[in-house]
Amino acid sequence: MDIKALLKNVVAYNASDLHLVSRSEPKIRIDGKLVGLDMEALDGKEIEQMCYALITDRQKKEFEENKELDFAIMFPDIGRFRVNYYYTMNNEVAAAFRIIPVQIPSLDDLKAPPIFKQLIKREKGLILVTGPTGSGKSTTLAALLNEINLHESKHIITIEDPVEFVHENKRCLFSHRNVGEDTQSFARGLKYSLREDPDIILVGEMRDHETISTAITAAETGHLVLATLHTTSAIQTLNRIVDSFEGAEQIQIRNMLSVSLAAVISQSLLPKNGGGRIAIHEVLINNSAISNLIRENKIHQIYSQIQLNQQKTGMITQTQSMLKAIKAGMISKEDAIRHSTQPQELMNLIGV
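A brief structural summary. It should be emphasised that the depicted structure is a prediction, and the values quoted were computed from it without experimental measurement. (Residues numbered from 1 in each chain as written. Predicted model: local features only at pLDDT ≥ 70, side-chain atom pairs only at ≥ 80, totals over all residues. Heavy atoms only, no water.)

Our next topic: the nonpolar core. Counting residues in each nonpolar core, the largest one holds 63 residues, and the members touching the most others are Met206, Leu226, Leu238, Leu261, Leu284 and Ile302. Contact partners of Leu238, with chain neighbours within four places excluded, come to Leu257, Leu261, Val264, Leu284, Ile294, Ile299 and Ile302. Core analysis: the second largest hydrophobic core is formed by 29 residues, Met50, Phe71, Ile73 and Tyr85 among them. (Core = buried A, V, L, I, M, F, W, Y, C linked by side-chain atoms within 4.5 Å. Buried < 20%, exposed > 50% of the residue type's maximum accessible area, 1.4 Å probe, protein only. Contact = heavy atoms within 4.5 Å.)

Put into structure tokens, the structure is as follows:
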């Protein structure tokens, strides 16, 4: 079986992912749901042969030693994919391929909230885009950088594992760096990026307290830093950052975060009525009131601040975003409740 033929199915069906797992036919994800292709079930050896045909000897060695491998690959006649190889029981190779659009979408294409265009005009600060796996974080970040690329003249360094969207230098200069190939780790790449004259730094994922601390320091010292976390709400994001540190360090990181944080964008992708998916956003914009609550360790009170003065601040809760989408007939009440981080609040508002 030809891996390229399988990946062409991803494009043909407008799917997001391809999964190859032993004792199952190849499956693709369409609008968030797995669908099996009309093919025979694969065995581990077939999957291994297809997967190994795409990687170098060095990557094979890394995979066999670490039991995991992340990389990106481009097929000129098909598209660009982010790939993860892993092992399942009986030492069998499995793989997940996610398509990365070659054409980078604009914020208008994504129908992003207008506040997004204001955020990226900042000279410094930390902008976090959060959400579960598959919620479109990378696409939102790419659209934010694309907007900067169209209107500003900046040096943008991206540190990713792997590099997903490859930006063409328009008005900006991009330095794309792969963790494991171009730098040893997120923390190391971020530390040394400060000596590379960046205006903007994209950190693919803040995985540990060293990366988090360095990102916040970079934002404090005059850089615009964009990063992701696998959290589902603004409050959870702030708690995750603070909880990455211990004891007296938490006080220091809260003080730094209260000054350097620009915004938290938490998003999820919901099935759209009539097909496709729609991004639902919760947006927290740092201001003096929120900064004080972060510094005083009263993060649990921030949610009520997001609900206030939204016309002026551009902030919105996930519940309010869902409510707007329901009233516009874009999503169902059932899907909204299923994906909500505040289901009881949402049910009270929609009368369920």
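Taken as a whole and assessed by the stated rule, the structure comprises 15 salt bridges. Lys298 is the partner of Glu296 in a salt bridge, and the nearest nitrogen-oxygen pair spans 3.5 Å. Residues joined in a network through salt bridges with shared partners are Arg58, Glu62 and Glu181. (Salt bridge = Lys/Arg side-chain N within 4 Å of Asp/Glu carboxyl O.)

Another aspect to go through is helix α15 (residues 343-350). Every buried residue belonging to α15 is among Leu346, Met347 and Ile350, and all of these are buried. All buried residues of α15 lie within an arc of 100 degrees about the axis, which places them on one face of the element. As for α15, its buried residues are in contact with α13 (318-327) and α14 (333-339). A positive backbone phi angle near 75 degrees is found at Gly351, which sits one or two residues after α15. (Helix = DSSP H or I, 4+ residues; strand = E, 2+ residues; numbered from the N terminus. Arc of directions from axis to C-beta.)

What follows deals with the packing of helix α8 (residues 234-243) against helix α9 (residues 248-260). Between α8 and α9, the shortest axis-to-axis distance is 9 Å and the interhelical angle comes to 135 degrees. On the basis of the axis angle, α8 is oblique to α9. Mapping the contact onto sequence places Leu238, Ile241, Val242 and Asp243 in α8 and Gln250, Ile253, Arg254 and Leu257 in α9. (Axes fitted to C-alpha atoms, helices over the stretch in contact; angles between N-to-C directions. Parallel < 35°, antiparallel > 145°, perpendicular 65-115°, else oblique.)

What follows covers the side chain of His223. Mapped onto the elements, His223 comes out in the loop between α7 (209-220) and β11 (224-229). Side-chain polar atoms of His223 contact the backbone oxygen of Ala218, separated by 3.1 Å. Discounting residues that sit within four places of it in the chain, His223 has contacts with Glu123, Lys124, Gly125, Leu194, Pro198, Asp199, Ile201 and Ala218. (Polar contact = N/O pair within 3.5 Å; in protein donor to acceptor, adjacent residues only side chain to side chain.)

Let us now look at the sheet that holds strand β4 (residues 68-75). The strand order across the open sheet built from 6 strands is β3-β2-β1-β6-β5-β4, with neighbouring strands paired in antiparallel fashion. With partners counted over all chains shown, the strands left at the sheet margins are β3 (33-36) and β4, one partner each. When strand polarity is set aside, the average angle formed by the axes of neighbouring strands in this sheet is 25 degrees. Both strand β2 (residues 27-30) and β3 contribute to a ladder of 4 bridges, which runs antiparallel. Following the sheet pairing, Ile30 is matched in β3 by Lys33. (Pairing = 2+ DSSP bridges.)

That is the geometry; function is a separate question.
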